[in-house]
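One letter stands for each residue in the lines below.
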Amino acid sequence: LSWVRLGYLPSTEEGGGGSGESAGEPAPAYSRLARKLQEAAQAALFDQEQQVLVEELRASPGFLEGGALQPQQLPGLVEFNGAVASHVLEVLCSHPGSHNRYLGILCTLELSVRSLECISHAVEVCQPPQGFLCLYMSKTMQQCEQLEAGGRKDRFARLVCNFIRQVLRCRPEMGESMRAEVEAFCVVHSHVREAASLYKHLKS
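About the cut-offs
- Residues numbered from 1 in each chain as written.
- Predicted model: local features only at pLDDT ≥ 70, side-chain atom pairs only at ≥ 80, totals over all residues.
- Heavy atoms only, no water.
- Helix = DSSP H or I, 4+ residues; strand = E, 2+ residues; numbered from the N terminus.
- Contact = heavy atoms within 4.5 Å.
- Phe/Tyr/Trp six-rings, centres within 6.5 Å; stacked < 30°, edge-to-face > 60°.
- Buried < 20%, exposed > 50% of the residue type's maximum accessible area, 1.4 Å probe, protein only.
- Axes fitted to C-alpha atoms, helices over the stretch in contact; angles between N-to-C directions.
- Parallel < 35°, antiparallel > 145°, perpendicular 65-115°, else oblique.
- Left-handed = near helix turned anticlockwise from the far one by under 90°.
- Nonpolar A, V, L, I, M, F, W, Y, C, P; charged D, E, K, R; others polar.
- Expected span 1.5 Å × (residues − 1).
- Arc of directions from axis to C-beta.
- pLDDT = per-residue confidence, 0-100.

Enquirer: What is the right way to look at the side chain of Thr-140 in this model?
Expert: Note that Thr-140 resides in helix α8 (residues 130–146). The residues contacting Thr-140, other than those within four sequence positions of it, are Leu-111, Leu-116 and Val-160.

Enquirer: Where do I start with the packing of aromatic side chains in this structure?
Expert: For any pair of aromatic rings, the description rests on two quantities: the centre-to-centre distance and the angle between the ring planes. As enumerated under the stated definition, the model contains 3 aromatic pairs in all. Consider the rings of Tyr-30 and Phe-63, whose centres lie 4.9 Å apart with planes at 70°: the pair is edge-to-face. Residue Tyr-30 is found in helix α2 (residues 28–40), and its partner Phe-63 is found in the loop between α3 (47–58) and α4 (74–80); the two are separated by 33 residues along the sequence. Relative accessible area serves as the criterion here: at 24%, Tyr-30 is assigned to the partly exposed category. Centre to centre, the rings of Phe-132 and Tyr-136 are 5.9 Å apart; their planes meet at 35°, and the pair counts as tilted. Of this pair, Phe-132 and Tyr-136 both sit in helix α8, 4 residues apart, roughly one helical turn. A residue is classified by how much of its surface remains accessible, and Tyr-136, at 4% relative accessible area, is buried. A connected cluster of aromatic rings, assembled from ring pairs, spans Phe-132, Tyr-136 and Phe-163.

Enquirer: So what exactly am I meant to see when it comes to the packing of helix α7 (residues 113–125) against α8 here?
Expert: To describe two helices that pack against each other, one gives the angle between their axes and the distance between the axes. In the contact formed by α7 and α8, the axes pass within 13 Å of each other and the chain directions differ by 155°. With respect to α8, the element α7 is oriented roughly antiparallel. Both α7 and α8 take part in a crossing whose hand is left-handed. Contact residues: α7 offers Ser-115, Leu-116, Ile-119 and Val-123, while α8 offers Phe-132, Leu-133, Tyr-136 and Thr-140. Tallied by class, the residues present in the contact of α7 with α8 amount to 6 nonpolar, 2 polar and no charged.

Enquirer: Sorry if this is basic, but what is going on with the side chain of Gln-50 here?
Expert: With respect to the helices, strands and loops of the structure, Gln-50 is situated in helix α3. By relative accessible area, which is 7% here, Gln-50 ends up buried. Once residues within four sequence positions are removed from consideration, Gln-50 is found in contact with Leu-45, Asn-81, Gly-82, Ala-83 and Val-84.

Enquirer: Whenever I open this one, α3 confuses me. Can you help?
Expert: Given 3.6 residues per helical turn, the α-helix brings residues three or four places apart onto the same face. In this model, α3 (12 residues) spans 17 Å end to end at C-alpha, consistent with the 16 Å of a helix rising 1.5 Å per residue. By the burial criterion, the buried members of α3 are Gln-50, Leu-53, Val-54 and Leu-57. Axial view of α3: buried residues confined to an arc of 100°, hence all on one face.

Enquirer: Help me understand α7, please; the structure alone is not making it clear to me.
Expert: With 13 residues, α7 extends 19 Å from end C-alpha to end C-alpha; this agrees with the ideal 18 Å at 1.5 Å per step. Among all positions in α7, only Ser-115, Leu-116, Cys-118, Ile-119, Ser-120, Ala-122 and Val-123 are buried.

Enquirer: Explain the confidence of the model for the protein here, please?
Expert: A low pLDDT means the predicted coordinates there should not be read in detail. Per-residue confidence for the protein averages 86 on the pLDDT scale, and 85% of its residues sit at or above 70. Least confident of the elements in the protein is helix α1 (residues 3–6), whose mean pLDDT is 38; most confident is helix α9 (residues 151–170), at 97. Scored below 50 in pLDDT, residues 1–25 shows 43 contacts in the model against residues more than four places distant or in partner chains.

The structure is reproduced here in structure tokens:
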């Protein structure tokens, strides 16, 4: 699979952040919100602070869709403030014209519990493009394979299998397109209960 072919290649030509792409000076409230997003991409907030930021984003329609968040900020949001990142993805996935550059960045993330949780939430509440999900699933399996054998690798194999099972439950049409790669992954990790269960599910 190719980022270029699927249209999810991260862009290196994005302009500055702030209030979006409209002309003129940003409104003070939007400038403040942009600063808070920048801070959230750099350090963890308390749960209550995350909820306040999410509510402010909900009260500012058009802010995210207009390009206020730069794609390179998204990995920091995912790792530091998952609730905010989940809301951002939910908004962007509901506006197909603006999400490709953000989804491309997500395909470059290192495998982590937080990144899997964030994409899992997006699968539950919105409709990420099938091409992106195929690419992300493929990347997570590849990264898991590259881990050194041991408890950490088995743990991530378990998490990846649970994630794939969730995707197939929410998006059953994806089963056929990913079948060969997922089955091969399950065979390699057949000693992990979740992998054996997923393999049995695919064969049923």
